[in-house]
Amino acid sequence: MNSDDLISMAKRVWLAIWRASVIALWVIRGLLRTAWSIARGPIIVALNVIAALIVLFEEWGWRPLSAFIARLAKYAPIAAVERWIASLPPYAALFAIALPTTLLLPLKFVAVWLLANNHFASATLLFLGAKLASTALIARVFILTKPALMRIAWFAHLYDWFVPWKDALFAQIRASWVWRYGRMLKTRIKLMLTRAWSRVQPGLADRWRRWTGLELPRQLRK
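The structure reproduced in this document is the subject of the present report. These numbers come from a predicted model, not from an experiment.

## Re the side chain of E82
Then, in step 1: Counting through the fold element by element, E82 comes out in helix α2 (residues 76-86).
Then, in step 2: Using a relative accessible area of 9% as the deciding quantity, one classes E82 as buried.
Then, in step 3: Polar side-chain contacts of E82 include one of 2.9 Å to the side chain of R140.
Then, in step 4: When residues no more than four places from it in sequence are discounted, the contact partners of E82 are I69, A73, R140 and L144.

So, in structure tokens, the structure goes:
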């Protein structure tokens, strides 16, 4: 076999490999399109649910927790700490936002240890407690330090980009069926809790009056 035959054979082999590759790519493309058409619906639903949960967390978690911490500022020591946090320089304020998560991180490790030792209830309660505490503190610290943070150019630029994008995304989420169902579910749960509390509140108020000689706190009489 001379060199021309070898070159001709090499060309034919290369051409066969090329054609096989093209066919394989078309087959893979078709399979991926078919898989996407099947999985697209569930994936979009799952993403809508995740996005709706994020919005629910902001409205039912971030804001109420921040408001709860703000009410504690009526106590002089906490008010003094808040004034000190609000007076921090920009990058110290940025560090202060990360501080609650850092301080409560050991509790999450303890929760993992409890989970590994089959203390599921204790681990869950500890993890949720640490998460709620860190969220409340971060929300409040952010409100206090926002003026200082906005003096950092890159942070202000990122914030000015993120907030309109988030608002537009949340507007779409609030128009989704997941969000509407969540609102309906929230209203239903709130109504059930109100009815349950109205049934137990008189007896609780009576016991509180007998034990303490005082009326039930006004916040609990609603």
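That was the structure; now back to the text.
## Some details on the packing of helix α3 (residues 90-116) against helix α4 (residues 120-149)
Then, in step 1: Packing of α3 against α4 brings their axes to within 9 Å, and their N-to-C directions diverge by 180 degrees. Between α3 and α4, the interaxial angle falls into the category roughly antiparallel.
Then, in step 2: Along the lines of polarity and charge, the residues of the contact of α3 with α4 split into 24 nonpolar, 4 polar and 2 charged.

## Section: α2
Working note: α-helix, 3.6 residues per turn, so residues spaced by three or four point in the same direction.
Then, in step 1: All of the buried residues along α2 are A79, E82 and I85. Considered in projection along α2, the buried side chains sweep an arc of 120 degrees and stay on one side of the axis. Away from its buried face by more than 90 degrees, α2 exposes A76, P77, R83 and W84.

## Topic: the pattern of salt bridges
Then, in step 1: All chains considered together, the criterion is met by 1 salt bridge.
Then, in step 2: A salt bridge links E82 to R140, with the nearest nitrogen and oxygen atoms 2.9 Å apart. On the criterion of sequence distance, the pair formed by E82 in helix α2 and R140 in helix α4 is long-range, its members being 58 residues apart.

## Here's the deal with the packing of aromatic side chains
Then, in step 1: This model, assessed by the stated rule, comprises 4 aromatic pairs.
Then, in step 2: Residues F142 and Y159 carry aromatic rings whose centres are separated by 6.2 Å and whose planes lie at 35 degrees to one another, so their mutual orientation is tilted. Placement of the pair is F142 in helix α4 and Y159 in helix α5 (residues 153-174), with a sequence separation of 17 residues.
Then, in step 3: Using a relative accessible area of 19% as the deciding quantity, one classes F142 as buried.
Then, in step 4: Geometrically, the ring pair formed by W154 and F155 is edge-to-face, given 6.1 Å between the ring centres and 75 degrees between the ring planes.
Then, in step 5: According to the relative accessible area criterion, W154 is partly exposed, its value standing at 45%.
Then, in step 6: With a relative accessible area of 13%, F155 lands in the buried category.
Then, in step 7: Three or more aromatic residues joined by ring pairs form one cluster here, namely F142, W154, F155 and Y159.

## Details of the side chain of S134
Then, in step 1: With respect to the helices and strands, the residue S134 is situated in helix α4.
Then, in step 2: For S134, a relative accessible area of 3% gives the class buried.
Then, in step 3: Setting aside residues up to four positions removed in sequence, S134 forms contacts with P100, T101 and L104.

## Quick word on the nonpolar core
Then, in step 1: Ranked by internal contacts, the top residues of the largest apolar core, which has 13 residues, are I97 and L149.
Then, in step 2: Of all the secondary-structure elements, those providing two or more residues to this core are α3 and α4.
Then, in step 3: When residues in this core are grouped by element, the largest group, 6 residues, is from α4.
Then, in step 4: Setting aside anything within four residues of it in sequence, one finds I97 in contact with I138, V141, F142, T145 and L149.

Calculation criteria
Residues numbered from 1 in each chain as written. Predicted model: local features only at pLDDT ≥ 70, side-chain atom pairs only at ≥ 80, totals over all residues. Heavy atoms only, no water. Helix = DSSP H or I, 4+ residues; strand = E, 2+ residues; numbered from the N terminus. Buried < 20%, exposed > 50% of the residue type's maximum accessible area, 1.4 Å probe, protein only. Polar contact = N/O pair within 3.5 Å; in protein donor to acceptor, adjacent residues only side chain to side chain. Contact = heavy atoms within 4.5 Å. Axes fitted to C-alpha atoms, helices over the stretch in contact; angles between N-to-C directions. Parallel < 35°, antiparallel > 145°, perpendicular 65-115°, else oblique. Nonpolar A, V, L, I, M, F, W, Y, C, P; charged D, E, K, R; others polar. Arc of directions from axis to C-beta. Salt bridge = Lys/Arg side-chain N within 4 Å of Asp/Glu carboxyl O. Phe/Tyr/Trp six-rings, centres within 6.5 Å; stacked < 30°, edge-to-face > 60°. Core = buried A, V, L, I, M, F, W, Y, C linked by side-chain atoms within 4.5 Å.

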